Amino acid sequence: MGTLPAPEPWDISAYALGPVSAETPFDLEALSALLPGYTLTEAPSPDGSPFREILAAAPHAQEPGLVFLGHAETPNITGVRVREAGRIPNAWLIGSAFSQTLFKPDDCFTASDVPGREGDIFAREAGELTAPVYWFRTGLADTNGVLPDAETLGASTLYEISWVAWSRT
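Note that the structure is a prediction, hence the values are computed from the model and not measured.

Novice: Can you lay out the nonpolar core for me, pointing to particular residues and giving the numbers?
Specialist: Counting residues in hydrophobic clusters, the biggest one holds 32 residues, and the most contacted among them are Leu66, Phe68, Val80, Phe136 and Ile161. Among the secondary structure elements, those contributing two or more residues to this core are β2 (51-57), β3 (66-71), β4 (74-82), β6 (120-123), β7 (133-137) and β8 (157-164). In this view, Leu66 contacts Trp10, Leu35, Tyr38, Ile54, Leu55, Ala56, Val80, Arg81, Val82, Glu84 and Arg87; residues no more than four positions away in its chain are not counted.

Novice: Quick one: what's the story with the pairing of β8, residue by residue and with numbers?
Specialist: Most of β8 sits out of view: six of its eight residues are buried. Direction of pairing for β7 relative to β8: antiparallel, over a ladder of five bridges. Paired with Tyr134 across the bridge in β8 is Ile161.

Novice: Account for the packing of aromatic side chains, with residues named and values stated.
Specialist: Applying the stated rule across the entire model yields five aromatic pairs. Where Phe98 meets Phe136, the ring centres are 5.2 Å apart and the plane angle is 75°; that geometry is what we call edge-to-face. Taken together, the residues span a long stretch of sequence, with Phe98 in the loop between β4 and β5 (108-110) and Phe136 in strand β7 at a distance of 38 residues. Classification of Phe98 as buried rests on a relative accessible area of 5%. You can call Phe136 buried: its relative accessible area is 0%. Grouped by ring-pair contacts, the aromatic residues Phe98, Phe103, Tyr134 and Phe136 constitute a single cluster.

Novice: With reference to specific residues and values, describe the sheet that holds β3.
Specialist: Taken in spatial order, the eight strands line up as β1-β2-β3-β4-β8-β7-β6-β5 in an open sheet, and their pairing is antiparallel. In this open sheet, the two edge strands, each paired with only one partner strand, are β1 (39-44) and β5. For this sheet, the mean inter-axis angle between neighbouring strands, taken without regard to orientation, is 25°. Sheet topology places β4 next to β8; four bridges connect them, and they run antiparallel. Pairing of Gly79 across the sheet is with Val164, part of β8.

Novice: Report on the pairing of β4, specifying residues and quantitative values.
Specialist: Judged from the five bridges that link them, β3 and β4 form a sheet pairing that is antiparallel. Within the sheet, the bridge partner assigned to Leu66 lies in β4 and is Val82.

Novice: I'd like to hear about unusual backbone geometry, residue by residue, with values.
Specialist: Residue Ser49 is joined to Pro50 through a cis peptide bond whose omega torsion reads 15°. Along the chain, Pro50 turns up in the loop between β1 and β2. Positive phi, normally seen in glycine, also occurs at His60, with a value near 70°. Following the sequence through the fold, His60 ends up in the loop between β2 and β3. Owing to a relative accessible area of 59%, His60 belongs among the exposed residues under this scheme. At Asn144, a residue that is not glycine, the phi angle is positive and equals roughly 55°. Inspection of the secondary structure puts Asn144 in the loop between β7 and α2 (150-155).

Here is what the cut-offs are and how they apply
Residues numbered from 1 in each chain as written. Predicted model: local features only at pLDDT ≥ 70, side-chain atom pairs only at ≥ 80, totals over all residues. Heavy atoms only, no water. Core = buried A, V, L, I, M, F, W, Y, C linked by side-chain atoms within 4.5 Å. Buried < 20%, exposed > 50% of the residue type's maximum accessible area, 1.4 Å probe, protein only. Helix = DSSP H or I, 4+ residues; strand = E, 2+ residues; numbered from the N terminus. Contact = heavy atoms within 4.5 Å. Pairing = 2+ DSSP bridges. Phe/Tyr/Trp six-rings, centres within 6.5 Å; stacked < 30°, edge-to-face > 60°. Axes fitted to C-alpha atoms, helices over the stretch in contact; angles between N-to-C directions.

Coordinates in, geometry out; function isn't part of it.
This is the structure in structure tokens:
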């Protein structure tokens, strides 16, 4: 089927991911207006209640490239999982190898205690608590809480950039 056209790039900061912020309603209609042509569906969160998800798939995409996160206690977006290559400019592209980024092993943490991500690692810019989290697949079933060797770490693939909706107030 060929490659999909690049999505409209969204800038990323602590308080906004493109047009999305902590004030954006967790609502199919509101998000549809931001993503013309996308198929949006609300789905149960794999994290269970009270968490919520809205999945957004680009036209002709096989999988959702954006996952909007919500919580039953707030009417607004709480975060976004970006799995769509090209959505965030000036960030490492989805599909990049860890060795192609500027992250160092000291920036990384294992995800062995995160269900479904036991073999993954994640990285965040050192000292930046509001910075996005970069998720890498190591190819391991479980890291057992220990960072993999340099070769495995370097070959790990970026598959998601997670953004948390921080409020300015």
